[in-house]
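Coordinate inspection notes
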Amino acid sequence: MVALTFDDGPHSRNTDDIVNIFSKYNAHATFFMLGSNVVKYPDVVKRVYDAGHEIGIHTWSHKELTKLSSDEIKNEVNNTASEIEKITGKKPTLVRPPYGSINEKVRNAIDNPLILWNIDSLDWKSRNKEKIVPLVLNDVQDGDIVLLHDIHSTTVPAVEEILKYLVENDYQIITVSQMLNAKGYDLSKTRIFYSARQ
Ligand code: NI
């Protein structure tokens, strides 16, 4: 099993395009959303949720949490969680800190599991399918968490190729919570995950 994760959205068009590709392959993803974009595109948030994907918290304004006070960190997380809950009716539990930036203060301020990644597609940097796809697939293994961004249009065709390969090679493509639960991890407390490789 593999968990594909999408940060920084939702986006008015690309997020829907990615959801449609996932439907075609009967697969599910985790979308770590920014509160500032959630309030801009609530209908996209609803469609992502209704299609069976997991929605996680990527903070409100994408600041580096290590540079904020504990109260500011809590506000970034909790305000985003409550906006998502208003739309979907479900409180999101997973948090992805912007830039993967964490320290003791961040860990203490957040009660939720912190989800990092072990495969970085660098899609934000290359904006090029020919570079994104091999970065993800060359080293993919059971339990991996892959970082992608649904705000870039160049990520959309890369997702199509990645899903096609993974499905053909019998990987289950499921949400982060589904994968961590399947691997026997306890998601009820603060803990940092880079992958579910065992
Ligand atoms: Ni981000």
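Just so it is clear, the model here is predicted, and its values are computed rather than measured. Per chain, the residues get numbers from 1 upward, laid out in the order the sequence is written. The model is predicted, so local features are restricted to residues of pLDDT at least 70 and side-chain atom pairs to those at 80 or more, both for listing and for counting; the totals for chains, interfaces and linings are taken over all residues. No hydrogens and no water enter the side-chain calculation; it runs on all heavy atoms of the structure.

Looking at the nonpolar core
By nonpolar core is meant a set of buried Ala, Val, Leu, Ile, Met, Phe, Trp, Tyr and Cys residues that side-chain atoms within 4.5 Å join together. Each residue is assigned to one of three classes by its accessible area relative to the maximum for its type, calculated with a 1.4 Å probe on protein chains only: buried under 20%, partly exposed between the two thresholds, exposed over 50%. Core analysis: the biggest nonpolar cluster contains 34 residues, and Leu-4, Phe-6, Phe-22, Phe-31, Ile-162, Leu-163 and Leu-166 have the highest contact counts within it. Breaking this core down by element, the ones donating at least two residues are β1 (2–7), α1 (14–24), β2 (30–33), α3 (42–50), α4 (70–88), α7 (129–137), β6 (144–149) and α8 (155–168). Helical segments are the DSSP runs of H or I of at least four residues, strand segments are the runs of E of at least two, and each set is numbered from the N terminus. It is α8 that contributes the most residues to this core, 6 residues altogether. Residues Phe-32, Val-106, Leu-116 and Trp-117 belong to the second largest nonpolar core, which totals 28 residues.

A short note on the sheet that holds β2
The pairing criterion is simple: DSSP has to find at least two bridges between the two strands. A sheet is described by the order of its strands in space; here 5 strands give the open sequence β3-β2-β1-β6-β5, paired in parallel fashion. Looking along the sheet, the strands with just one partner apiece sit at the ends: β3 (54–57) and β5 (119–120). Strand direction decides the pairing type here: β1 and β2, joined by 3 bridges, are parallel. Directly across from Thr-5, in β2, lies its bridge partner Thr-30.

Looking at unusual backbone geometry
A cis amide bond, omega 0°, links Gly-9 with the succeeding residue Pro-10. Here Pro-10 shows up in the loop between β1 and α1. The phi torsion at Asn-26 lies on the positive side, around 55°, for a residue other than glycine. Relative to the helices and strands, Asn-26 resides in the loop between α1 and β2. Overall, the relative accessible area of 67% leaves Asn-26 in the exposed class.

Some points on the coordination of the nickel ion
Around a metal, the idealised angle for a tetrahedral arrangement of four donor atoms is 109.5 degrees; for an octahedral arrangement of six donor atoms it is 90 or 180 degrees. Because no water is among the atoms considered, metal sites can look incomplete, with donors defined as N, O and S atoms within 2.8 Å of the metal, or 3.2 Å for Na, K and Ca. The coordination sphere of the nickel ion, as far as protein atoms go, consists of Asp-8 (OD), His-58 (NE2) and His-62 (NE2), spread over 2.0 to 2.1 Å. Expressed as a motif, the donor residue spacing for the nickel ion is D-x49-H-x3-H. For His-58, a relative accessible area of 1% translates into the label buried. Using a relative accessible area of 19% as the deciding quantity, one classes His-62 as buried.

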